[in-house]
Amino acid sequence: MYRTLLVDDERIILDGISSMVDWPRHRTELIGTAQNGIAAYERIVAESPDIVITDIRMPGLDGLELVAKTYASHPHIRFIILSGFSEFEYANRAMQYGVKHYLLKPTNEHKIAAALDELVAELDAAKDQLTFIANMKLRFQRMVPHVKEQVLKEFVTNKTYGAHDLNYYRGLFQYDFDRPVQLLLFQLEGPAEFEYLFAIKNIAEDILESTLLSTTIGNHALILIEEPEDAEAVQERLTRIRTTFLQYYKLDVTIAVSSLGEMIRARALYQETLQCLNYRFYLGEGGIITSKDILSPAPLPLDDYEFDEERILLPVRSGHLQEAEERLAELFDPLKSAKLDIGMVKTYAIQQFIALIRLDDPQRINENYKKLPLLLELNTLQGMQDFLLAIVKEIAAKYYEQNVVKHTSIVRKVIDIINDQLGNPGLSLNFVAGEMLYMNADYLGKLFKKETGEKFSNFVVKARMKQAAHLISAQPDIKIFELAERLGFGDNPQYFSQVFKKQFGCTPSEYMRGLENSAF
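Residues numbered from 1 in each chain as written. Predicted model: local features only at pLDDT ≥ 70, side-chain atom pairs only at ≥ 80, totals over all residues. Heavy atoms only, no water.

Caption draft 1: Representation of the sheet that holds strand E7 (residues 211-217) in the model. Strand order in the open sheet formed by 5 strands is E7-E8-E6-E9-E10, and the pairing between neighbours is mixed. The sheet is open, and its two edges are formed by E7 and strand E10 (287-290), each paired on a single side. The mean angle between the axes of side-by-side strands here comes to 20 degrees, regardless of whether they run parallel or antiparallel. As paired elements, strand E6 (residues 181-188) and strand E8 (residues 220-226) share 7 bridges and run antiparallel to each other. Pairing of Gln182 across the sheet is with Ile225, part of E8. Its contacts with the sheet place helix H9 (residues 266-278) against E6, E7, E8, strand E9 (253-257) and E10, and it is angled at close to 40 degrees to E6. (Pairing = 2+ DSSP bridges. Helix = DSSP H or I, 4+ residues; strand = E, 2+ residues; numbered from the N terminus. Axes fitted to C-alpha atoms, helices over the stretch in contact; angles between N-to-C directions. Contact = heavy atoms within 4.5 Å.)

Here is the structure:
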């Protein structure tokens, strides 16, 4: 239904037309009447009807003035003019505002109905046209993102794209591309599924707020942005992109950032970001790599560097994991600084891997060799170091367990010797190592302390004092000089008493009296 307003200064005409026209039959609805142009315009502003049927001659604001004023503010409203004058001047002025229906009074139901039908048909056609245009715009809007994706893809991969193509897309995308641009390339540190690429691209577009074009190529997402006014702000946004993606998808992302350049150089900027990604091998997965990183000083020379895979084998055999980790780092740190060819670095890593697995059980050789493809698939130097560290930990742990059993047995023998030799004034680490076990004294001392938590000499003193307290309890009348002789202090009971007091907080004599008093 099209909403219709009827305007005439004669009440009898308003009532007559209102009642004689079958409004619904002509797909219209009479929403009201007005008796002058001023009141009519107020209704038009308030209710915005589709059709206005108005007389020309009215006080205050005549019909033609109403048409002109309405045309200026509501150009979509259609008019039917009623007049008792047949002069061409009125019709001519009305037609200037698009009025096609000019009915002379007195009119009848059929003429008004015919005019209404024509206007309804015109309004239908206008509505269809608007709907068609709106649908076309909607389709175009839906298509533009795909076109933009393809345009960026072509500009970074197709050598033939140049200034002519750029001029065409200036108008299509309503952007002149005259300001410098910057290309961002995103590589997921995990499966490059389309869902993840779509997600990182959309997260980046939302956070960056200055995206011109975006697309995906292979396992990468690409975004072209305007020259940033604040480079630090861009870095902060890139960090937010990584954090947001990691929060929702539990995957990190490496972002390569090109230098600034003209849109016509998009292919060169793309190659620059790919070059940035090569540095990911040395910098590790995740993070932001800029064009400045790949313009760093020349690699350090390795003339004096020798990749000696044997350096790490001794601590692994000894089960000393911390030392083995340090040796592994010493091997790889110079490689990170030198930025050698990736193939050469992988050769070194393979050498170290083979040297390590030879330390493992011979029965596990084939099983260990099956891990080699995993090493070859790694794309970062840190990843290779971590891979070898896992091998180091596994093999060193086995040697540690073997050594613990062996060391525990040796320390147990030392403790047995101490208990047996408490009365020997010559009981010392050198004596036990050289005379009893035929071992290096320094090594035995370190092993003893590691197992017991005590230095050898302290352990001997505590064992002697413990035995002294036991002898005093068993023989309350035992002499101090006898205790000194029986516990390795020879003829120096005074020194024995000093050591005893330091251990128990009282002299041997005071300790004896304490035992006597407690007996009563």
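Read on for the rest.
Caption draft 2: Structural detail: the packing of aromatic side chains. Under the definition given, this model contains 13 aromatic pairs. Aromatic side chains Phe489 and Tyr495 sit 5.6 Å apart centroid to centroid with 55 degrees between the ring planes, which places their arrangement in the tilted category. For Tyr495, a relative accessible area of 44% corresponds to the partly exposed category. Ring geometry for Phe504 versus Tyr511: centroids 5.7 Å apart, planes at 45 degrees, classification tilted. (Phe/Tyr/Trp six-rings, centres within 6.5 Å; stacked < 30°, edge-to-face > 60°. Buried < 20%, exposed > 50% of the residue type's maximum accessible area, 1.4 Å probe, protein only.)

Caption draft 3: Up close: unusual backbone geometry. In the Ramachandran plot, Arg27 falls in the positive-phi region, its phi being about 60 degrees despite a non-glycine side chain. Here Arg27 lies in the loop between helix H1 (11-20) and strand E2 (28-34). Given a relative accessible area of 40%, Arg27 falls into the partly exposed group. One non-glycine residue, Tyr438, adopts positive backbone phi at about 55 degrees. As for its placement among the helices and strands, Tyr438 is situated in the loop between helix H17 (429-437) and helix H18 (441-452).

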